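Working through the structure, step by step
This is what each chain is made of:
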Amino acid sequence: MPFEFQRMEIEDVILVKPKVFGDNRGFFLESYKKSDFFNNGICVEFNQDNHSKSTSKVLRGLHYQAKPYGQAKLVRCARGRIYDVAVDIRPNSKTYGKYVKVELSEENKQMLFIPEGFAHGFVVLSDEAELLYKASGEYNPLADRGLLWSDKDINIDWEIDFEPILSEKDKIQPKLSEINKEELI
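To start, this report covers the structure provided alongside it. (Residues numbered from 1 in each chain as written. Predicted model: local features only at pLDDT ≥ 70, side-chain atom pairs only at ≥ 80, totals over all residues. Heavy atoms only, no water.)

Brief notes about the side chain of S54
- Among the secondary structure elements, S54 is positioned in strand β5 (residues 48-55).
- Overall, the relative accessible area of 2% leaves S54 in the buried class.
- Here R60 takes part through its side chain, which lies 2.7 Å from a polar atom of the side chain of S54.
- Ignoring any residue separated from it by four or fewer positions in sequence, one finds S54 in contact with R60, F122, V124, E128 and A129. (Helix = DSSP H or I, 4+ residues; strand = E, 2+ residues; numbered from the N terminus. Buried < 20%, exposed > 50% of the residue type's maximum accessible area, 1.4 Å probe, protein only. Polar contact = N/O pair within 3.5 Å; in protein donor to acceptor, adjacent residues only side chain to side chain. Contact = heavy atoms within 4.5 Å.)

Things to note about the sheet that holds strand β7 (residues 73-79)
- With antiparallel pairing, six strands are arranged side by side in an open sheet as β1-β2-β10-β7-β12-β5. Every interior strand has two partners, whereas the edge strands, β1 (3-7) and β5, have only one. The mean angle between the axes of side-by-side strands here comes to 25 degrees, regardless of whether they run parallel or antiparallel.
- Of the pairings in the sheet, the one linking strand β2 (residues 14-18) to strand β10 (residues 111-114) comprises three bridges and is antiparallel in character. Along β10, the bridge assignment pairs L15 with L112. (Pairing = 2+ DSSP bridges. Axes fitted to C-alpha atoms, helices over the stretch in contact; angles between N-to-C directions.)

Examining the environment of E4
- By the element assignment, E4 lies in strand β1.
- As a C-alpha pair, E4 and P18 span 14 residues in sequence and 6.4 Å in three-dimensional space.
- Discounting chain neighbours no more than four positions away, the residues touching E4 are L15, V16 and K17.

Some words on the pattern of salt bridges
- Counted under the stated rule, the structure contains 13 salt bridges.
- For E128, the salt bridge is made with K53, and the minimal N-O distance between the two is 3.5 Å. Note that E128 is positioned in strand β12 (residues 128-135) and K53 in strand β5, a separation of 75 residues in sequence.
- It is possible to trace a salt-bridge network through shared partners that takes in K53, R79, E128 and E130. (Salt bridge = Lys/Arg side-chain N within 4 Å of Asp/Glu carboxyl O.)

Quick notes on the packing of aromatic side chains
- In the structure shown here, the tally under the stated rule is six aromatic pairs.
- Ring centres of Y32 and F37 lie 4.8 Å apart, and the angle between their planes is 50 degrees; on these two criteria the pair is classed as tilted.
- According to the relative accessible area criterion, Y32 is partly exposed, its value standing at 25%.
- Ring centres 5.6 Å apart and planes at 85 degrees place the aromatic pair Y32 and F46 in the edge-to-face group. A residue pair is termed long-range when its members are at least 10 positions apart, and Y32 in the loop between β4 (26-28) and α1 (34-39) and F46 in the loop between α1 and β5 qualify at 14 residues.
- Grouping aromatic residues by their ring pairs yields a cluster made of F3, F5, Y32, F37 and F46.
- Here the basic side chain of K34 rests over the ring of F38, its NZ or CZ set 5.3 Å away from the ring centre. (Phe/Tyr/Trp six-rings, centres within 6.5 Å; stacked < 30°, edge-to-face > 60°. Lys NZ or Arg CZ within 6 Å of the ring centre and 35° of its normal.)

Side note on the sheet that holds strand β8 (residues 81-88)
- With respect to topology, five strands assemble into an open sheet ordered β9-β8-β11-β6-β13, the strand pairing being antiparallel. Each edge of the open sheet carries a strand with a single partner, namely β9 (99-105) and β13 (144-146). Each adjacent strand pair in this sheet contributes to an overall mean axis angle of 30 degrees, direction not counted.

Written out as structure tokens, the structure reads:
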């Protein structure tokens, strides 16, 4: 099998480790194979691909889309290094308000599957980082929502010793206790 699927502390979040075939010419890996993903519990139809580039110390997130426009994501860092974070915002979940954090990088080539009902964000640890990710739903600007990256109730350990660079939108996102639970998946 070209992938290893590792369930995280929050069971629905899955770290995907592709098998990398490398030699002196470079490398090859499969980044997605529907049958393998479906056979390992990731039964999502992806219908949008995204590519983002960020500079050092940029923190993007925590973002999600309100129902019925929720998105599952499969995130990969193709260049550079990031901490990728998924926060469970499913109101009836036993892990509501908990988060998973992993390092994704061009070196480890791992991917993080984040199901619907999670807020997503990342911080760049290298000079630059490029993320490629698949989304199960198309982006809808009217459903665009977020959580404050520094919400003390979630208490994410970003493991950074710098003040992150944030968008104006991300500086003023609401705390988990302030979001409209009626909009959540």
